[in-house]
Amino acid sequence: MDQAFRLLIDGALVDGVAEMPVINPATGRAFATAPRADAGQLDAAVASAGRAFPGWAGLSYAERRAFIERFADGVEVRFEELARLMTMEQGKPLVQARGEVGGTIAGLRYFAAQDIGSHVIRDTPAERITEHRSPLGVVAAITPWNFPLILLVVKLAPALITGNVVIAKPAPTTPLTTLLLGEVAADILPPGVFQTLADANDLGAALTSHPGIAHVSFTGSTATGKKVLSSTVDTLKRFTLELGGNDAALVLDDADVAKVAPAIFGAAMVNAGQVCLAAKRVYAPRAMYDDLCDALGALARAAVVGEGLDQDSQIGPVQNSAQYAKLIDYLAEAREQGKIVAGGAPLEREGYFIAPTIVRDLPDDARLVREEQFGPVLPVLPYDDLGQAIAAVNASEYGLGGTIWTGNPERGELVAMLIDSGTVWVNRHLDLPFDVAFGGAKQSGLGRQQGIEGLLEFTQAKIINIAKG
Ligand code: ADP
């Protein structure tokens, strides 16, 4: 690809200090180069953001809204280019990439329309006490490689509308769509309001510990999230951590296998299973177990796996070689400890393709059951007693999401109340409206994104307390 990608620093599109190859996971070969920023460029970006902050924070909501709306218009103009670029760098089928770009535009517009305003606590002849929400300052938005744009926009848009300025740092294997977003913003947003820094996984710590950063909004693994948490201590930064999950799909004995199997398959295999909120283990009543395993196996065999740009592809490659190697490891263990119903191996072709895999009869302590696999490999476990199944679902250090599948939504709600996680869906999955907060319990995260709570995370309360008369 001839296109040059550049960092956006202080309103200018600039080269990095070095270049790094970006690999197309469908081929395993480099298809573009990305600029690589260094610590000096990071400092320059933080300084620029610091200069931009007072002006941006001083605008009214309506003025900021107009900028963000124009930004959304600019992204819309580059819609197809962004979607194709996302498929090339990330691997997901084009229809899913288009969905993500569409969600990015919708997210910008949704948050642009919000206004958290002020609130009168008391107003009497003797006193007036009001609460205002002030922006925090410079926000570092650090994103992973599974959803490079939508996971950025749920940080960027609420941070901007509430008056913060943002430095985005994408994952090193998927920097290009974020850089293109910066290119769009360069002509629209004032210098320093939104900036992009691409790194080779080496600037995260400098960014999160930087005294010029007020808030770190991080989405990534629990292990890296813990490093982020400790690096915010010195300056008492605010932070939001969206981390890993090992979400269970719990099938109740009144569910219809023919109905739930395709829904669970979709919940597990979307984006090749690389979703923090994907269904990562399935629990089914023993009487239904064989039927469900067979139905999921048939879906796995029928799924079209291929390059994302190919119209027919339903499941793309996994995103990078490290994840591919990790999944091959899980598969070897699954073959040893359980029974493969479908798939079970990488495809014999170039690129990081794993056949969609259904595994049954694994012990509860198998790594594929206990750990977050983050790939198109799904373990299915039987249960005899619902109480035990709920205990097994909750016996995880994670608590991000989960699903209950049932013929009776009221019963589903009662069971959902017993699941220890931030979101539990009943008879649906991955429904994440912008006005609904989401986030993790236990080691799946701290804080919330989206909804009113997500907006408030980018602000602090300021009380004005007046004695009258
Ligand atoms: P993975 O292990 O799957 O690559 P990570 O959670 O490490 O996922 O990565 C998520 C994001 O965090 C990426 O943008 C990555 O570059 C960034 N990152 C990596 N190390 C750190 C760190 N020490 N501090 C902050 N961000 C980091």
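Residues numbered from 1 in each chain as written. Predicted model: local features only at pLDDT ≥ 70, side-chain atom pairs only at ≥ 80, totals over all residues. Heavy atoms only, no water.

Looking up the protein in an unreviewed UniProt entry gives the name Acyl-CoA reductase-like NAD-dependent aldehyde dehydrogenase, with the organism given as Novosphingobium sediminicola. Database annotation for the protein, UniProt heading Sequence similarities (unreviewed entry): "Belongs to the aldehyde dehydrogenase family." (UniProt positions renumbered as here; feature names shortened; annotations may be inferred.)

## A look at the site of the ligand
Around the ligand sit 18 residues, and of these Thr143, Lys169, Asn201, Ser221 and Thr224 come closest. Taking Trp145, its side chain carries an N or O atom lying 3.3 Å from an oxygen atom of the ligand. With respect to the ligand, the side chain of Lys169 contributes an N or O atom lying 2.9 Å from an oxygen atom. Burial of the ligand by the surrounding chains reaches 78%, relative to a free accessible area of 550 Å². (Near = heavy atom within 4 Å. Polar contact = N/O pair within 3.5 Å; in protein donor to acceptor, adjacent residues only side chain to side chain. Areas by Shrake-Rupley, 256 points an atom, 1.4 Å probe, with all protein chains shown as cover.)

## Notes on the side chain of Ser421
Mapped onto the fold, Ser421 is located in the loop between α14 (409–416) and β19 (425–426). Looking at Ser421, its side chain comes within polar contact range of the main-chain oxygen of Gly401, at 3.1 Å. Ser421 has contacts with Gly399, Leu400, Gly401, Gly402 and Ala441, leaving out every residue within four places of it along the chain. (Helix = DSSP H or I, 4+ residues; strand = E, 2+ residues; numbered from the N terminus. Contact = heavy atoms within 4.5 Å.)

## So, the UniProt feature "active site" (unreviewed entry) in the protein
Per the UniProt annotation, the sites labelled "active site" (unreviewed entry) are Glu242. Accessibility expressed as a relative area gives 2% for Glu242, which makes it buried. Contact partners of Glu242, with chain neighbours within four places excluded, come to Phe218, Thr219, Gly220, Leu400, Phe438, Gly439, Gly440, Ser444, Gly447, Arg448 and Gln449. (Buried < 20%, exposed > 50% of the residue type's maximum accessible area, 1.4 Å probe, protein only.)

## Details of the packing of aromatic side chains
As enumerated under the stated definition, the model contains seven aromatic pairs in all. Measuring from ring centre to ring centre gives 6.0 Å for Phe71 and Phe194, while their planes differ by 50 degrees; the resulting arrangement is tilted. One end of the pair, Phe71, is in helix α2 (residues 61–77); the other, Phe194, is in strand β9 (residues 194–196), with 123 residues separating them in the sequence. Phe194 matches Phe71 in its accessibility class, with the two residues each being buried. (Phe/Tyr/Trp six-rings, centres within 6.5 Å; stacked < 30°, edge-to-face > 60°.)

## Quick notes on the side chain of Ser313
Relative to the helices and strands, Ser313 resides in the loop between α10 (286–302) and α11 (321–337). When its relative accessible area of 6% is taken as the criterion, Ser313 is described as buried. Of the polar contacts made by the side chain of Ser313, one reaches the backbone oxygen of Glu307; its length is 2.7 Å. The residues contacting Ser313, other than those within four sequence positions of it, are Pro93, Val304, Gly306, Glu307 and Gly308.

## What about the sheet that holds strand β5 (residues 119–123)?
Read from one edge to the other, the open sheet built from three strands follows the order β5-β6-β22, with strand pairing classed as antiparallel. Unpaired on one side and paired on the other, β5 and β22 (459–467) mark the two borders of the sheet. On average, adjacent strands in this sheet sit at an angle of 20 degrees to one another, irrespective of strand direction. In this structure, strand β6 (residues 127–135) lies alongside β22, joined through nine bridges in antiparallel fashion. Counted as the bridge partner of Glu131 is Ile463 from β22. (Pairing = 2+ DSSP bridges. Axes fitted to C-alpha atoms, helices over the stretch in contact; angles between N-to-C directions.)

## Looking at the pairing of strand β15 (residues 357–360)
What you see with β15 is no split at all: Thr357 and Val359 on one side and Ile358 and Arg360 on the other are buried throughout. Relative to strand β16 (residues 377–383), β15 is paired through four bridges, and the arrangement is parallel. Bridging across to β16, Thr357 finds its partner in Val377.

## Concerning the environment of Thr403
Position of Thr403 relative to the elements: it lies in strand β18 (residues 403–405). A relative accessible area of 3% means that Thr403 is categorised as buried. Here Thr403 is in contact with Ala248, Ala249, Leu250, Trp425, Arg428 and His429, once residues within four sequence places are set aside.

## A look at the domain arrangement of the protein
Size of an interface: often given as the accessible area lost when the parts come together. When its domains are assigned, the protein resolves into domain 1 (7–243 + 444–467) and domain 2 (248–433). Here the C-alpha centre of domain 2 lies 31 Å away from the C-alpha centre of domain 1. A combined buried area of about 2200 Å² lies between domain 1 and domain 2, and 54% of that area is made up of carbon and sulfur atoms. Area buried by domain 1 at its contact with domain 2 is led by Ala26, Trp145 and Ser444, which between them contribute 26% of it. Summed over the shared surface of domain 1 and domain 2, the number is one salt bridge. A salt bridge links Arg29 to Glu350, with the shortest nitrogen-to-oxygen separation between them at 2.6 Å. In this structure, the connection of domain 1 to domain 2 is made through twelve residue pairs in polar contact (both at pLDDT 80 or more). For the side of domain 1 that touches domain 2, the elements supplying multiple residues, two or more each, are α3 (79–90) and α4 (94–112). (Domains from an automatic or database assignment. Buried area = accessible area lost by both parts, 1.4 Å probe. Salt bridge = Lys/Arg side-chain N within 4 Å of Asp/Glu carboxyl O.)

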